[in-house]
Amino acid sequence: MMNFTREMGFYFWPLALIAIAVVGLALTALARLRQAGPADSATVEHNVNSVLFWGCVAAVVGILGQFHGIYQALKVISMAEAVAPPIIWGGLAVSFSSTLAGLAILLVAALLWAALRAGLHKRERQLRAA
């Protein structure tokens, strides 16, 4: 795991912060969903949608990290006289670490968002029935 996070370089920190933010927003949305009244629906919905938004940002940051890594690798390869194909493929594999992390955060955020949306719809049905 340490090797995976080291391979992400700088992009580990923004992705880690976004992951923490996604979990924090989901917990906040869940707490507000359980205690909110009918007037708080817009605020709760905003919190729920923020979970998915930051998941998408994580995916974009991960892809940006991959492109940045490939760009740096191509600059070094262009200056080298000879480069073995296994080194190139190894570098390409390392470049996917930030993309994988960003997409994993997006997956978790999307699942949390779907669960929170279902809870929001359930609460709205209960409020209408009351």
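Nothing here was measured: the structure is a model prediction, and the numbers come from that model. Sequence order as written defines the numbering, with residues in each chain counted from 1. Per-residue local features of the predicted model are confined to residues with pLDDT of at least 70, and side-chain atom pairs are confined, for both listing and counting, to 80 or more; whole-chain, interface and lining totals are unaffected and use all residues. Side-chain figures throughout are based on the complete set of non-hydrogen atoms in the structure, without hydrogens or water.

One confidence number per residue, pLDDT, is output by the predictor and ranges from 0 to 100. Here the chain averages 88 in pLDDT, while 95% of its residues score no lower than 70. Each helix is a run of H or I in the DSSP string that is no shorter than four residues. Each strand is a run of E no shorter than two, and both are numbered from the N terminus. Per-element mean pLDDT across the chain ranges from 75 in helix α1 (residues 2–8) up to 93 in helix α2 (residues 12–35).

A probe as big as a water molecule, rolled over the atoms, marks out the empty space that is left. Here a cavity denotes grid points, spaced 1 Å and computed from the protein atoms alone, that fit a 1.4 Å probe unable to get out, and a pocket denotes an open set having protein on both sides within 12 Å along at least 5 of 7 lines; residues with an atom within 4 Å of a point are the lining. Grid points are joined across faces, edges and corners, and a volume is the space filled by probe spheres set on the points. Of the volumes computed, that of the largest pocket is approximately 200 Å³. Lining the largest pocket are 16 residues, and of these Glu7, Gly65, Gly69, Val94 and Ser95 sit closest to its centre. The set of elements that each furnish at least two residues to the lining of the largest pocket consists of α1, α3 (41–79) and α4 (85–129). Only Asp, Glu, Lys and Arg are considered charged in this grouping, and only Ala, Val, Leu, Ile, Met, Phe, Trp, Tyr, Cys and Pro are considered nonpolar; every other residue, Gly among them, is considered polar. Of the residues contributing to the lining of the largest pocket, the split by class is six nonpolar, nine polar and one charged. Space inside the second largest pocket adds up to approximately 150 Å³. Lining of the second largest pocket is provided by Ile70, Ala73, Leu74, Ile77, Ile87, Ile88, Gly91, Leu92 and Ser95.

Now for the packing of α2 against α4. Helices that pack against each other are described as a pair by the angle of their axes relative to one another and the distance between those axes. Comment: axis = line fitted to C-alpha atoms, over the contacting stretch for helices; angle = value between 0 and 180 degrees taken between N-to-C directions. Between α2 and α4, the shortest axis-to-axis distance is 10 Å and the interhelical angle comes to 5 degrees. Looking at the two axes, α2 sits roughly parallel to α4. The segment α2 lies against α4, with Leu15, Ile18, Ala19, Val22, Ala26, Ala29, Leu30 and Leu33 engaging Ser98, Ala101, Gly102, Ile105, Ala109, Leu112, Leu116, Gly119, Leu120 and Arg123. The residue inventory of the contact of α2 with α4, partitioned by class, reads 14 nonpolar, three polar and one charged. Note on terminology: angles under 35 degrees are roughly parallel, angles over 145 are roughly antiparallel, angles of 65 to 115 are roughly perpendicular, and the others are oblique. Residue contacts are defined here by distance: any two heavy atoms, one from each residue, within 4.5 Å place the two residues in contact.

Turning our eyes to something else, we now look at the packing of aromatic side chains. In this scheme Phe, Tyr and Trp rings, the latter by its six-membered ring, pair at centre separations within 6.5 Å, and the angle between planes marks the pair as stacked below 30 degrees, edge-to-face above 60, and tilted otherwise. Scanning the model with the defined rule gives three aromatic pairs in all. Ring centres of phenylalanine 10 and tyrosine 11 lie 5.3 Å apart, and the angle between their planes is 75 degrees; this geometry places the pair in the edge-to-face category. Classification of tyrosine 11 by relative accessible area gives buried; the value is 13%. Here the aromatic rings of phenylalanine 12 and tryptophan 13 are separated by 4.8 Å at their centres, their planes lie at 75 degrees, and the arrangement is edge-to-face. The classification of residues rests on relative accessible area computed with a 1.4 Å probe and restricted to protein chains. Under 20% of the type maximum is buried, over 50% is exposed, and intermediate values are partly exposed. A relative accessible area of 58% places tryptophan 13 in the exposed class.

Next up on the list: the pattern of salt bridges. It is possible for side chains of opposite charge to pair when their charged atoms get near one another. Just to be clear on terms, a salt bridge is a Lys or Arg side-chain nitrogen sitting within 4 Å of an Asp or Glu carboxyl oxygen. Here the structure, examined in full by the defined rule, presents one salt bridge. As a salt-bridge pair, glutamate 45 and arginine 117 come within 3.1 Å of each other at their nearest N and O atoms. Highlighted residues: glutamate 45 in helix α3 and arginine 117 in helix α4, separated in sequence by 72 residues. Owing to a relative accessible area of 17%, arginine 117 belongs among the buried residues under this scheme.

For patches, a residue must show more than 30% relative accessible area and have no salt bridge; joins then use 9 Å for like charges and 5 Å for nonpolar side chains, namely Val, Leu, Ile, Met, Phe, Trp and Tyr. Surface accessibility follows the Shrake-Rupley procedure with a 1.4 Å probe radius. Residue values consider only the protein chains on display as shielding. Positive charges come from Lys and Arg, negative ones from Asp and Glu, while His and the chain ends are left out of the count. Every charge is mapped to an atom, namely NZ of Lys, CZ of Arg, CG of Asp or CD of Glu. Taken together, the side chains of Arg34, Lys122, Arg125 and Arg128 define a basic patch exposed on the protein surface. Per-element tally for the positive patch: the top contributor is α4, with three residues. With respect to the helices and strands, arginine 128 occurs in helix α4.

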